[in-house]
Amino acid sequence: IYVTHVDTGALKGAHRYTARGKRGEVYINPSAVRSDGRRPAQYGPYEHARGGAHAFYARTVTEGLNSIRQGAEAAVRRYLR
């Protein structure tokens, strides 16, 4: 969400996630609609495919990898105590 470029804010606001146990999914809400009728789920993949600073999901993994790793390591340490 934080690294998504903002034009109208609809794409940024359309990110959703679900979690079940150890698995999760992040996606663009297919029912989200901008004020002009366009759907972020339709143009969001093209924005992401532009790459670089536009690739919001790829950037989340790349830029957030250290914090994700640290959180996972802390969880394992708590489990082992």
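What comes next is a walk through the structure. (Residues numbered from 1 in each chain as written. Predicted model: local features only at pLDDT ≥ 70, side-chain atom pairs only at ≥ 80, totals over all residues. Heavy atoms only, no water.)

## Regarding the pairing of strand E1 (residues 15-20)
Look at any regular strand and the pattern is simple: side chains alternate between the two faces of the sheet.
Here's step 1: Bridge analysis of E1 against strand E2 (residues 23-28) gives six bridges, and the strand direction is antiparallel. Residue arginine 16 lies in a different strand from E2, and its bridge partner there is tyrosine 27.
Here's step 2: Here E1 hands over to E2 after two residues, with glycine 21 in that stretch at a positive phi of 60°. (Pairing = 2+ DSSP bridges. Helix = DSSP H or I, 4+ residues; strand = E, 2+ residues; numbered from the N terminus.)

## Focus: a nonpolar patch on the surface
Here's step 1: Side chains of Val76, Tyr79 and Leu80 sit close together on the surface and give an oily, nonpolar patch of about 400 Å² of accessible area.
Here's step 2: One can find valine 76 in helix H3 (residues 56-80). (Patch = residues over 30% accessible without salt bridge, like charges linked within 9 Å, V, L, I, M, F, W, Y side chains within 5 Å. Areas by Shrake-Rupley, 256 points an atom, 1.4 Å probe, with all protein chains shown as cover. Salt bridge = Lys/Arg side-chain N within 4 Å of Asp/Glu carboxyl O.)

## Concerning the pattern of salt bridges
When the charged atoms of two side chains with opposite charge come close together, those side chains can pair.
Here's step 1: Overall, the coordinates contain four salt bridges when judged by the stated rule.
Here's step 2: Arginine 34 is the salt-bridge partner of aspartate 7, the closest N and O atoms lying 4.0 Å from each other. Of this pair, aspartate 7 sits in the segment before helix H1 (10-14) while arginine 34 sits in the loop between E2 and helix H2 (40-49), and the two are 27 residues apart along the sequence.
Here's step 3: Look at arginine 34 and you get buried, because its relative accessible area is 12%.
Here's step 4: Residues arginine 59 and glutamate 63 are paired through a salt bridge, measuring 2.8 Å at the closest nitrogen-oxygen approach. Linking arginine 59 with glutamate 63, this pair stays in helix H3, spanning four residues, or about one helical turn.
Here's step 5: Each of Asp7, Arg34 and Asp36 takes part in salt bridges that share partners, so that together they form one network. (Buried < 20%, exposed > 50% of the residue type's maximum accessible area, 1.4 Å probe, protein only.)

## Thoughts on H2
Here's step 1: When we look at burial in H2, the residues that qualify are Pro40, Tyr43, Gly44 and Glu47. In a view along the axis of H2, the buried residues occupy a sector of 115°, so they form one face of it. More than 90 degrees from the buried face of H2, the exposed residues found are Gln42, Tyr46 and Ala49.
Here's step 2: Each element contacted by the buried residues of H2 is listed here: H1, E2 and H3.
Here's step 3: Once H2 ends, the next one or two residues include glycine 51, with phi positive near 80°. (Arc of directions from axis to C-beta. Contact = heavy atoms within 4.5 Å.)

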